[in-house]
2 protein chains.
Amino acid sequence: MNQSTDAHTSLPQPPYYAVIFTSQRTSEDDAGYAAMADRMEQLARAQPGFVGIDSTKNSSGFGITVSYWDSLDSIRAWHSNAEHQVAQLRGKEQWYESFQLHVSKVERNYAFP
Amino acid sequence: MNQSTDAHTSLPQPPYYAVIFTSQRTSEDDAGYAAMADRMEQLARAQPGFVGIDSTKNSSGFGITVSYWDSLDSIRAWHSNAEHQVAQLRGKEQWYESFQLHVSKVERNYAFP
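Keep in mind the model is a prediction, meaning the values are calculated, not measured.

So, how was this worked out
- All residue numbers refer to position in the chain's written sequence, counted from 1.
- Written order determines the labels here, with chains lettered from A and ligands numbered from 1.
- With the structure being a predicted model, the display of local features is reserved for residues of pLDDT at least 70 and the display and counting of side-chain atom pairs for 80 or more, all residues being used for whole-chain, interface and lining totals.
- Strands are labelled as partners when DSSP assigns at least two bridges between them.
- Counting from the N terminus, the helices are the DSSP runs of H or I reaching at least four residues and the strands are the DSSP runs of E reaching at least two.
- As a rule, the C-alpha atoms of each element are fitted with a line to give its axis, helices using only the stretch in contact, and angles between N-to-C directions run from 0 to 180 degrees.
- The labels follow the angle: roughly parallel below 35 degrees, roughly antiparallel above 145, roughly perpendicular from 65 to 115, and oblique for the rest.
- Put simply, a crossing is left-handed when the front helix is turned counterclockwise from the back one by less than a right angle, and right-handed when it is turned clockwise.
- Two residues qualify as being in contact provided that their C-beta atoms, derived from the backbone, are within 7 Å of each other.
- Note that Gly is not counted as nonpolar here; it falls among the polar residues with everything else outside the nonpolar set of Ala, Val, Leu, Ile, Met, Phe, Trp, Tyr, Cys and Pro and the charged set of Asp, Glu, Lys and Arg.
- Least squares is used to superpose the copies, and the fit set is the C-alpha atoms of residues whose pLDDT is at least 70 in both copies.
- By convention the nonpolar core is taken to be a set of buried residues drawn from Ala, Val, Leu, Ile, Met, Phe, Trp, Tyr and Cys and joined through C-beta atoms within 7 Å.
- Think of it as a crowd count around each C-beta: if 20 or more other C-beta atoms lie within 10 Å the residue is buried, if 12 or fewer it is exposed, and in between it is partly exposed, with C-beta placed from the backbone throughout.

Help me understand the pairing of strand β1 (residues 16–25) of chain B, please; the structure alone is not making it clear to me.
For a regular strand, the rule is simple: side chains alternate between the two faces of the sheet. All names here are of chain B. Where β1 meets strand β4 (residues 96–112), ten bridges bridge the pair, whose relative direction is antiparallel. Counterpart to Tyr16 in the pairing with β4 is Val106. Sheet topology note: the β1/strand β3 (residues 62–69) ladder contains eight bridges and is antiparallel. The residue bridging Phe21 from the neighbouring strand is Thr65, located in β3.

Below, the structure is given as structure tokens:
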């Protein structure tokens, strides 16, 4: 439950929560976007209730990031984080052509091997 | 709720279920893997209770596929599908270095724009 460079550490016991963020990048501002994405991941990892993150993106700029949290309250707090709010606004204005968000409760997990 | 080529159609009303599959490919059998992946997506779309699918993978072979289903019963039926079982076995033997699976209940969703 980490990025590709450090994939698949041990899983926590359910229940916990998964925020599934699917997005299509615009072709604008690659450098600014990359800096924001790094900063947001660093900031998310420091939030109370953060459990883990998986993220990947193809060469067309279609990405999926799943962040895992211990509770809905932790997700709400992260959503309301001031620096994150600025990034969300900028995302809608410039970085994302479209995105979808699913908030879901993890009931079961499985890892191989 | 589709692949990158047809991303972000209208979202259904929660609750429904999301199966989050994160995987690291081996470097073996790209052609066989691609054929299986296409076939499995086609087969999943034809299953009762299928709602949608989002899938992406980076150049290092780290992929995330989220499939959406109307119920846990539909997920169980898909898991038990005979052709899917063969693919799962082959996945463990050859195609995946590692993977994780989360079964989760979608409680809330949001789309932009």
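Text resumes after the structure shown.
Got a minute to help me understand the packing of helix α1 (residues 30–45) of chain B against helix α3 (residues 82–95) of chain B in this structure?
The description of two packed helices rests on the angle between their axes and on the distance between the axes. All names here are of chain B. For the pair α1 and α3, the least separation of the axes is 11 Å and the interaxial angle reads 150°. Between α1 and α3, the interaxial angle falls into the category roughly antiparallel. Between α1 and α3 lies a crossing whose hand is left-handed. Where α1 approaches α3, its residues Tyr33, Met36, Met40 and Leu43 are matched on the opposing element by Glu83, His84, Ala87, Arg90 and Trp95. Here the contact of α1 with α3 is built from residues that sort into six nonpolar, one polar and two charged.

Even after reading the chapter, I still don't get the interface of chain B and chain A, so can you show me in this structure?
Where interface size is given, it is often the accessible area lost as the parts come together that is meant. With 37 residues of chain B in contact, the opposing surface of chain A contributes 37 residues. Listed by contribution, the elements that provide at least two residues to the side of chain B that touches chain A are β1, β2 (50–57), β3 and β4 of chain B. Among the elements that line the side of chain B that touches chain A, the one with the most residues is β4 of chain B, at 16 residues. A breakdown of the residues in the side of chain B that touches chain A according to their chemical character gives 17 nonpolar, 14 polar and six charged.

Please clarify how unusual backbone geometry should be interpreted in this entry.
Excluding glycine, residues mostly carry a negative phi; peptide bonds, for their part, are mostly trans. Here the amide bond leading from Phe112 of chain A into Pro113 of chain A is cis, since omega sits at 0°, within 30 degrees of zero. Here Pro113 of chain A is to be found in the segment after β4 (96–112). Positive phi outside glycine occurs at Asp29 of chain B, with the angle close to 55°.

Mind showing me how you'd approach the sheet that holds β2 of chain B here?
What links the strands of a sheet is backbone hydrogen bonding, and the strands pair in either a parallel or an antiparallel sense. Judged by pairing direction, the sheet is antiparallel, and its eight strands sit side by side in the order β2(A)-β3(A)-β1(A)-β4(A)-β4(B)-β1(B)-β3(B)-β2(B) without closing on themselves. At either end of the open sheet lies a strand with only one pairing partner, and these are β2 (50–57) of chain A together with β2 of chain B. The mean inter-strand angle of the sheet, taken between neighbouring strand axes irrespective of direction, is 25°. Helix α2 (residues 72–80) of chain A rests against β1 (16–25), β3 (62–69) and β4 of chain A of the sheet, and its axis sits at about 35° to β1 of chain A.

Teacher, can you tell me more about the relation of the copies chain B and chain A here?
Put simply, the second copy of the chain is the first one after a rotation about an axis and a shift along it. Overlaying chain B on chain A yields an RMSD of 0.0 Å, the required transformation being a rotation through 180° with an accompanying axial translation of 0.0 Å. What the superposition gives is, in effect, a two-fold axis relating one chain to the other. Looking at chain B, 100% of its interface residues are interface residues in chain A too, so the copies touch through the same face.

Help me out: how do you make sense of the nonpolar core in this one?
Nonpolar side chains in soluble globular proteins tend to end up buried together. Core analysis: the largest hydrophobic core is formed by 22 residues, its most contacted members being Tyr17, Ala18 and Val66 of chain A together with Tyr17, Ala18, Ile20 and Val66 of chain B. For this core, the elements supplying multiple residues, two or more each, are β1, β3 and β4 of chain A together with β1, β3 and β4 of chain B. Sequence-distant contacts of Ile20 of chain B, defined by excluding residues within four places in its chain, comprise Ala18, Ile20 and Val66 of chain A together with Ile64, Val66, His102 and Ser104 of chain B.

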